[in-house]
Amino acid sequence: TKQGGWASFQALPPAIAAQVGTGNIVGASGAILTGGPGAIFWMWVIAFLGMATIYAEATLAQETRTVDKDGNVLGGPVYYITTAFKGGFGKFLAGFFAVAIILALGFFGCMVQSNSIGSTMETAFGVPSWIMGIVLVVICAVIFLGGVQRLAAVTEKIVPIMAGIFLLGGLAILICRIQYVPATFAMIFKYAFQPQAILGGGLGYALKTAISLFSNEAGMGSTPHAHALANVDCPHDQGVVAMIGVFIDTFVVLTLNALVIICTLYTADGPLANGYFGDVTAALGKTNLAQTAFGSVFGASLGAKFVAVCLLFFAFSTILSWNLFGKINANYLFGRRNGRLCSVIYTIIALVFIFLGTVSGSDFVWELTDMFNNLIVLPNVIALFALTGVVVASLKEGMEAHKQLK
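Caption draft 1: Molecular detail of the packing of helix α4 (residues 77-84) against helix α5 (residues 87-125). Two numbers describe how α4 lies on α5: the axes approach to 8 Å, and their chain directions differ by 160°. By the criterion of interaxial angle, the relationship of α4 to α5 is roughly antiparallel. Between α4 and α5 lies a crossing of right-handed hand. For the pair α4 and α5, the contacting residues are Pro77, Val78, Ile81 and Thr82 in the first and Gly90, Lys91, Leu93, Ala94, Phe97 and Ala98 in the second. For the contact of α4 with α5, a count of residues per class yields seven nonpolar, two polar and one charged.

Caption draft 2: Region of interest: α5. The end-to-end C-alpha distance of α5 is 54 Å, a good match for the 57 Å that 39 residues give at a rise of 1.5 Å each. Along α5, the sharpest kink reaches roughly 40°, centred on Gly109. Positioned one or two residues after α5, Gly126 has a phi angle of 75°, which is positive.

Caption draft 3: Fine view of the packing of helix α11 (residues 235-266) against helix α17 (residues 388-405). Packing of α11 against α17 brings their axes to within 8 Å, and their N-to-C directions diverge by 100°. One element, α11, and the other, α17, form an angle in the roughly perpendicular class. Residues Pro235, His236 and Asp237 of α11 form the contact with α17, whose own contacting residues are Ser394, Leu395, Gly398, Met399 and His402. Along the lines of polarity and charge, the residues of the contact of α11 with α17 split into three nonpolar, four polar and one charged.

Caption draft 4: Just α11, in detail. Between the first and last C-alpha of α11 there are 44 Å, a value that for 32 residues agrees with the 46 Å anticipated at 1.5 Å per step. Along its length, α11 reaches its greatest deviation from straightness, about 35°, at Thr255.

Parameters and conventions
Residues numbered from 1 in each chain as written. Predicted model: local features only at pLDDT ≥ 70, side-chain atom pairs only at ≥ 80, totals over all residues. Heavy atoms only, no water. Axes fitted to C-alpha atoms, helices over the stretch in contact; angles between N-to-C directions. Helix = DSSP H or I, 4+ residues; strand = E, 2+ residues; numbered from the N terminus. Parallel < 35°, antiparallel > 145°, perpendicular 65-115°, else oblique. Left-handed = near helix turned anticlockwise from the far one by under 90°. Contact = heavy atoms within 4.5 Å. Nonpolar A, V, L, I, M, F, W, Y, C, P; charged D, E, K, R; others polar. Expected span 1.5 Å × (residues − 1). Bend = angle between axes of the 7 residues up to and from the residue.

Purely spatial values, then, with no claim about function.
As structure tokens, this is what we get:
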């Protein structure tokens, strides 16, 4: 294949790597703490709707991708934004999106991920976070400078391993707490609709929390960069592959983490059985909730280490994908004359941010990232609405092609 071309399912690990990050562990923990167990129900609803959104994103990324003079595939929201809106307005929207995504994912987003790696590894193994920062920077530099094929090769190997380790650990907890699993599901559905002040404000707050977490998912315009690079016969096919990514991210990984937290901490014998207030608020926060949940069965030390290793995999793979997405947009803005120089400058700045993430406070980093994430969504969603007809036509074409194959 050309430097930019991947097989259809080769685009899935980088896309899943971008989706399955600290949000699945730290973000889900925060959502349950503030929105109660019912927040998970609303995450399912939003993810179900998000599968349609991500289908549209991946399909449009395929429909509007181009190939440069060197044979590299170029694609992503900037290309379908300029297809939807010609002239100055389209260029402005695409430029706005490119700048926002470079800051949100390439720089500040990678800071969030490295911050999570640094803090959890320090908690679990006593490794100073600045040492983790140096190790991360060296490994990332080697992969970043190897181009998209090296990134695909690494994420292809990491993603199945990280998902497998986490799923095995989570299933082990659920088996140990099997008598509490029915009550866990009952709480998710009960508190999704029943206002319950003790558990964080019920319906409105659960919904708000779920939406704020999932603004970092489908509709944001991140994963279309990976799906644009896939070589498929029909854009519809890659849209279906993209939907699998959301399913794995939410209905498998995030749900398993939520079930572990609720069945160990919120059921009758758990520390949060009566709600999140009093002394427990000083001991449990979103950063250590998952570690406490796994620790309740595995033992505190092993639980902390298990979550730290999973988070290392999750966050590291997310850094790799987000760096690529940022680089694609940096090249769109600045790389037309000298793409190689643009990539090197971008990579150096990104590595500085990755190191800074390991030595800075987490709340500040999360707030910065959330602000820029919200800015990315606007131009991306406007373009998705404008190109609805193209998506529908692609769906019909794909269905027709599959009928003929039968």
